[in-house]
Amino acid sequence: MATFLFDEIIFGPVKSRRLGVSLGINLLPTNKKLCNFNCIYCECGWTEDPGKTSNKLPHRKEVYDALEHTLSEMKAKNQHPDVITYAGNGEPTLHPEFPGIIDDSIALRDKYFPEAKIAVLSNATTIENPIIKAALLKVDKNILKLDSAFDSTIQIHNNPKVKIKAETLINNLVGFNGKVIIQTLFLRGLHNNRIIDNTTPAEISGWLSAIERIRPSEVMIYTISRDTPEGSQLQKVPVKELHEIAARVELLGIKTQVSG
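One structure accompanies this document, and this report is about it. Just so it is clear, the model here is predicted, and its values are computed rather than measured.

This brings us to the pattern of salt bridges. Counted according to the given criterion, the structure contains 10 salt bridges. The salt bridge partner of R60 is D104, with a shortest N-O separation of 2.7 Å. One end of the pair, R60, is in helix α1 (residues 60-76); the other, D104, is in helix α2 (residues 98-112), and 44 residues separate them in sequence. Judged by relative accessible area, which is 32%, R60 ranks as partly exposed. With a shortest N-O distance of 2.8 Å, K138 and D103 are connected by a salt bridge. Here K138, found in the loop between α3 (130-136) and β5 (141-145), pairs with D103, found in helix α2; they are 35 residues apart in sequence, far enough to count as distant.

Encoded structure:
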C-alpha cells in the first residue's frame, strides 16, 4: 500500500500520462491528504480527516512566489512545460484562495510560458459554487471527475464525505456548456468483500448517456497505474477494453484519450 503525498507546493515537472510535461502545484497540506472524496483508488491514500486544516494550507503569496521561482528557473534553462497542473494531495478547489491563485497562475504563465496550458484536476464536488465555477472556466484544461452515472457506484468508488447525487453532479457538469474535460477511472475488484466494477454494460450505458448530455470538449479514460489504499483488491482494466469504451465515446463526436 505504498501510496504517497506531495511534500512541496511545486512538484515536477513530470511526464504525465494525459498531459505531457506537467509542472504540478499542490495547494493542500504537505503532511496529509485533504479531500471531500475518499476514493478507493487514490494514489495519495485514504482521507483520514476531512475537517478544517486551513492553517496548514499554503497562502496565496507562498504559491505565487514558489511558482514564479520555478518558472523563472525553467525559463533560464529553456525547459518548457506543456501544462501547469493543479492537483496534489486532494481536492485543489477546497483552498479558500483558489480563485485568486488561478488568476495569479494565469498571469505568471503569460509572463514566462504563454504557450503552456493551465489545468485543474478536480472531483467536481464544488462546481455548484459560482466563484469556483468561474475560476475553472478561466483555465485551459478544466478536468472534472465522473466515474459513474449511478449513486451506488459513486458511493463505493469515490466514498464522498459530502452529500452528492449523480444526477446533480451531471447537471452541474452540463452547466459548463462543453468547456470541460471529463476524466473517468475504470476498475474492477473487491471493496469490503463486495465485487465492484464500473465497466459492466449497465455502467457503461449510463455513463455514456451522461457524457452525451454533458458534451465535454474531451474525455480522458484511464485505469489504475499506481498503488492504491485497497492494495491488490483492485484490478486494472485492460487497455484494449478502455479503447473499446473510447470508441463508443468517439461515436458521439467527442474526442477521447486513453491511458492504460
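So that's the structure; there's more coming.
A one-sided burial pattern is seen for strand β7 (residues 188-191), the buried positions being G189 and H191 and the unburied ones R188 and L190. Relative to strand β8 (residues 194-197), β7 runs antiparallel, the two being bridged by 4 bridges. What sits directly across from R188, in β8, is D197. With 2 bridges joining them, β7 and strand β10 (residues 234-235) adopt antiparallel strand pairing. Its bridge partner being in β10, G189 is matched across the sheet by L234.

With that out of the way, let us pick up the sheet that holds strand β2 (residues 20-26). The 8 strands lie next to each other as β1-β2-β3-β4-β5-β6-β9-β11, forming an open sheet whose pairing is mixed. If you trace the sheet from one side to the other, it starts and ends with β1 (10-16) and β11 (255-259), each paired once. Neighbour to neighbour, the strand axes of the sheet diverge by 25 degrees on average, direction disregarded. Relative to strand β9 (residues 218-222), strand β6 (residues 181-185) runs parallel, the two sharing 5 bridges. Opposite Q183, over in β9, you have M220 as the bridge partner.

It is the contact of helix α5 (residues 166-174) with helix α6 (residues 201-214), at a shortest axis distance of 8 Å, that shows an interaxial angle of 30 degrees. Here α6 runs roughly parallel to α5, going by the angle between their axes. With respect to the hand of their crossing, α5 and α6 are arranged in right-handed fashion. Of α6, the residues touching α5 (which contributes E167, I170, N171, L173 and V174) are A210, R213 and I214. Partitioning the contact of α5 with α6 into residue classes produces 5 nonpolar, 1 polar and 2 charged.

Of all the positions in α5, only A166, L169, I170, N172 and L173 are classed as buried. For α5, the buried positions fall inside an angular range of 160 degrees around the axis, keeping them on one side. On the buried face of α5, the contacting elements are β5, α4 (151-157), β6 and α6.

This part covers the side chain of T93. With respect to the helices and strands, the residue T93 is situated in the loop between β3 (83-87) and α2. T93 sits in the buried class, given a relative accessible area of 4%. A distance of 2.7 Å separates a polar atom in the side chain of T93 from a polar atom in the side chain of T126. Not counting the four nearest positions on each side in its chain, T93 is found in contact with F98, S122, T126, I132 and L136.

As a further point, take α6. Each α-helix turn comprises 3.6 residues. Residues three or four places apart therefore point the same way. Compared with the 20 Å implied by 1.5 Å per residue over 14 residues, the 20 Å span of α6 between its first and last C-alpha is a close match. Buried within α6 we find E203, I204, G206, W207, L208, A210, I211 and I214. Where the residues of α6 are buried, they touch α4, α5, β6, β8, β9 and α7 (239-250). Taken from the residues just after α6, R215 is the one with a positive phi, measuring 50 degrees.

So, how was this worked out
- Residues numbered from 1 in each chain as written.
- Predicted model: local features only at pLDDT ≥ 70, side-chain atom pairs only at ≥ 80, totals over all residues.
- Heavy atoms only, no water.
- Salt bridge = Lys/Arg side-chain N within 4 Å of Asp/Glu carboxyl O.
- Helix = DSSP H or I, 4+ residues; strand = E, 2+ residues; numbered from the N terminus.
- Buried < 20%, exposed > 50% of the residue type's maximum accessible area, 1.4 Å probe, protein only.
- Pairing = 2+ DSSP bridges.
- Axes fitted to C-alpha atoms, helices over the stretch in contact; angles between N-to-C directions.
- Parallel < 35°, antiparallel > 145°, perpendicular 65-115°, else oblique.
- Left-handed = near helix turned anticlockwise from the far one by under 90°.
- Contact = heavy atoms within 4.5 Å.
- Nonpolar A, V, L, I, M, F, W, Y, C, P; charged D, E, K, R; others polar.
- Arc of directions from axis to C-beta.
- Polar contact = N/O pair within 3.5 Å; in protein donor to acceptor, adjacent residues only side chain to side chain.
- Expected span 1.5 Å × (residues − 1).

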